[in-house]
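A look at the structure
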Amino acid sequence: LGDVYKRQVTNGKTYYYNNPETGDRNMKEVYDTYCIPVFGNPISSMGHGNKYSCDFLNVGSTNISYVVLHKDKPKGAPDCCIIGKPFHAPPPDFATLMPTHWTELVDDTSVDWNVIYDKDAGIFSYGFETNSVSIPYAFYMKGVPWVANWMWQKFSNFQAELPPMEVWEIPESCNTAVACPGW
């Protein structure tokens, strides 16, 4: 089928914490070898290929969403940049607030899908295992067309535990961060 349908795969971790005392919601997504293709300018340092690691860090106390890059970052890309200001990680019940819902069997697992359509970003769908509404199964959404038409992220090894506090530490490189190239 050619390069148009080439599959990119990465591993990583997702952390989430809804602080009951402050109401701050923190989320961190770690992508080990392939940064999800959400950067909108194909000629920017971050907007093509995406064969580099990255972290999406959303800290509720700052209401800023950072992208933190590592040593394998593209030439000319910043160490840290911003993709949302203000930005709020989703509330724990975000899926129930999405307007479209259905159940479907995927890989022998019954999944309850929750979907929203945004006129700018397109479709975003998040699924939880039907028999345990707190266990995420996967999400999918539109990517940027020159890198990936669709992104599919499947979860595994889910553990409901409090992440270590250092997960939410904002790197020093983010102190002077500006908008990400192509964002």
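Right above here is the structure, for reference.
Now for the pattern of salt bridges. Scanning all chains against the criterion turns up 2 salt bridges. Among the salt bridges present, the one from D79 reaches K73, with a minimum N-O distance of 2.5 Å. By relative accessible area, which is 40% here, D79 ends up partly exposed. Take K73: its relative accessible area is 28%, and that puts it in the partly exposed class. Note that K154 and D107 form a salt bridge whose closest N and O atoms lie 3.8 Å from each other. Taken together, the residues span a long stretch of sequence, with K154 in strand β10 (residues 150–154) and D107 in the loop between β6 (100–106) and β7 (109–118) at a distance of 47 residues. Take K154: its relative accessible area is 45%, and that puts it in the partly exposed class. You can call D107 exposed: its relative accessible area is 57%.

Let us look at the packing of aromatic side chains. Taken as a whole, this structure holds 12 aromatic pairs when the rule is applied. Ring geometry for F94 and F128: centres 6.2 Å apart, planes at 55°, overall tilted. Here F94, found in the loop between β5 (80–84) and β6, pairs with F128, found in strand β8 (residues 122–129); they are 34 residues apart in sequence, far enough to count as distant. Of the two residues, F94 and F128, neither departs from the other in class, the shared state being buried. Judged by centre distance (5.9 Å) and plane angle (50°), the ring pair of W113 and W152 falls under tilted. Here the residue W113 occupies a position in strand β7, and W152 occupies one in strand β10, the gap between them amounting to 39 residues. Here the aromatic cluster, defined as three or more aromatic residues joined through ring pairs, consists of F94, F124, Y126, F128, F139 and F155.

This part covers the state of the cysteines. What the rule picks out here adds up to 3 disulfides. Covalently, C35 is tied to C54 through a disulfide, its sulfur atoms 2.2 Å apart. Handedness of the C35-C54 disulfide follows from its S-S torsion of about 90°: it is right-handed. Of the two residues, C35 is situated in the loop between β2 (25–31) and β3 (54–59) and C54 in strand β3; the sequence distance between them amounts to 19 residues. C35 sits in the buried class, given a relative accessible area of 0%. Across a sulfur-sulfur distance of 2.0 Å, C81 and C180 are joined as a disulfide pair. Judged by the sign of its S-S torsion, about 90°, the cystine formed by C81 and C180 is right-handed. Taken together, the positions of C81 in strand β5 and C180 in the segment after β10 put the pair 99 residues apart, joining distant regions of the chain. The class for C81 is buried, based on a relative accessible area of 1%.

So, how was this worked out
- Residues numbered from 1 in each chain as written.
- Predicted model: local features only at pLDDT ≥ 70, side-chain atom pairs only at ≥ 80, totals over all residues.
- Heavy atoms only, no water.
- Salt bridge = Lys/Arg side-chain N within 4 Å of Asp/Glu carboxyl O.
- Buried < 20%, exposed > 50% of the residue type's maximum accessible area, 1.4 Å probe, protein only.
- Helix = DSSP H or I, 4+ residues; strand = E, 2+ residues; numbered from the N terminus.
- Phe/Tyr/Trp six-rings, centres within 6.5 Å; stacked < 30°, edge-to-face > 60°.
- Disulfide = S-S within 2.5 Å.

On their own, these measurements won't tell you what the molecule is for.
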